[in-house]
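# Structural characterization, general
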Amino acid sequence: MIRKRIINLNRVRQIDGGFSFIPHRFLMDGFFVSLNQMELLLYFFLVLVADKNGLSYYSYERICEFLDMDLDEYLGARDGLLKKDLIAFDNAIFQVLELPPKPKTLSEDISHLIKKSLKEA
């Protein structure tokens with residue numbers, strides 16, 4: 001049996017109401033449009049199955065079965081949500097995180113990589 005533990009104590013979601021909670025600013029602040037279809041599908045699934053702290057421990061096999069995803073689609077969606085700072089994952093447990101101040105965009109990621117490369121050069 002997997003023992004659940006909070007991965008990021010500083011970002012435990014605060015729920016007002018039921019466990020399946022997506023704040024309105026997910027739509028209004030641009031998080032919704034920042035995700036591709038597979039990322040949205042996985043994010044909504046993780047929100048639905050999470051407990052009050054945003055934790056769930058579905059295996060990738062079970063997630064792929066539920067969502068009719070293949071392994072590459074799952075990995076792409078999971079990695080996208082991690083890069084966009086919407087979830088944490090420790091290879092056994094997912095945590096849906098409190099939303100960051102603003103959505104991460106591809107251009108921000110590219111800009112960060114360029115700056116990092118220039119510093120290293």
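So, how was this worked out
Residues numbered from 1 in each chain as written. Predicted model: local features only at pLDDT ≥ 70, side-chain atom pairs only at ≥ 80, totals over all residues. Heavy atoms only, no water. Helix = DSSP H or I, 4+ residues; strand = E, 2+ residues; numbered from the N terminus. Expected span 1.5 Å × (residues − 1). Buried < 20%, exposed > 50% of the residue type's maximum accessible area, 1.4 Å probe, protein only. Arc of directions from axis to C-beta. Contact = heavy atoms within 4.5 Å. Polar contact = N/O pair within 3.5 Å; in protein donor to acceptor, adjacent residues only side chain to side chain. Patch = residues over 30% accessible without salt bridge, like charges linked within 9 Å, V, L, I, M, F, W, Y side chains within 5 Å. Areas by Shrake-Rupley, 256 points an atom, 1.4 Å probe, with all protein chains shown as cover. Salt bridge = Lys/Arg side-chain N within 4 Å of Asp/Glu carboxyl O. Pairing = 2+ DSSP bridges. Axes fitted to C-alpha atoms, helices over the stretch in contact; angles between N-to-C directions. Parallel < 35°, antiparallel > 145°, perpendicular 65-115°, else oblique. Nonpolar A, V, L, I, M, F, W, Y, C, P; charged D, E, K, R; others polar.

## Here we look at helix α5 (residues 71–83)
Its 13 residues give α5 an end-to-end C-alpha distance of 18 Å, which sits within 8% of 18 Å, the value for a rise of 1.5 Å per residue. Looking at α5, one finds that the buried residues are Tyr74, Ala77, Arg78, Gly80 and Leu81. Angularly, the buried residues of α5 cover 160 degrees about the axis, an arc narrow enough to put them on a single face. Pointing more than 90 degrees away from the buried face of α5 are the exposed residues Asp72 and Lys83. For α5, the elements touching its buried residues are α3 (37–49), α4 (60–67), β2 (87–89) and β3 (94–96). A side-chain oxygen of the first residue of α5 lies 3.1 Å from the backbone nitrogen of Asp72; this N-cap is Asp70. Positive phi shows up at Asp85, right after α5, with a value of about 60 degrees.

## Quick word on a nonpolar patch on the surface
Taken together, the side chains of Leu27, Met28, Phe32 and Val33 present a nonpolar region at the surface, about 430 Å² in accessible area. Listing elements by their share of the nonpolar patch, those giving two or more residues are α1 (25–28) and α2 (31–34). In this fold, Val33 is placed in helix α2. What makes Val33 exposed here is its relative accessible area of 70%.

## Observations regarding the side chain of Ser56
When you line up the elements, Ser56 lands in strand β1 (residues 55–56). Beyond its immediate chain neighbours, meaning those up to four positions away, Ser56 contacts Leu46, Val49, Ala50, Ala92, Ile93 and Phe94.

## A look at the sheet that holds β2
Strand order in the open sheet formed by three strands is β1-β3-β2, with antiparallel pairing between adjacent strands. Two strands close off the open sheet at either side, each with one partner strand: β1 and β2. Here β2 pairs with β3 via three bridges, running antiparallel. The partner of Ala88 across the bridge, within β3, is Gln95.

## A closer look at the packing of α3 against α5
Running from N to C, α3 and α5 point in directions that differ by 75 degrees, and their axes come no closer than 8 Å. One way to sum up the angle between α3 and α5 is to call them roughly perpendicular. In contact with Met38, Glu39, Leu42 and Tyr43 of α3, α5 contributes Glu73, Tyr74, Gly76, Ala77, Arg78, Gly80 and Leu81. Residue composition of the contact of α3 with α5, by class: six nonpolar, two polar and three charged.

## Considerations on α4
Within the span of α4, buried status applies to Ile63, Cys64 and Leu67. Mapping the buried residues of α4 onto a view down its axis gives an arc of 100 degrees, with all of them on the same face. In the segment just after α4, Asp68 is the residue with positive phi, at about 55 degrees.

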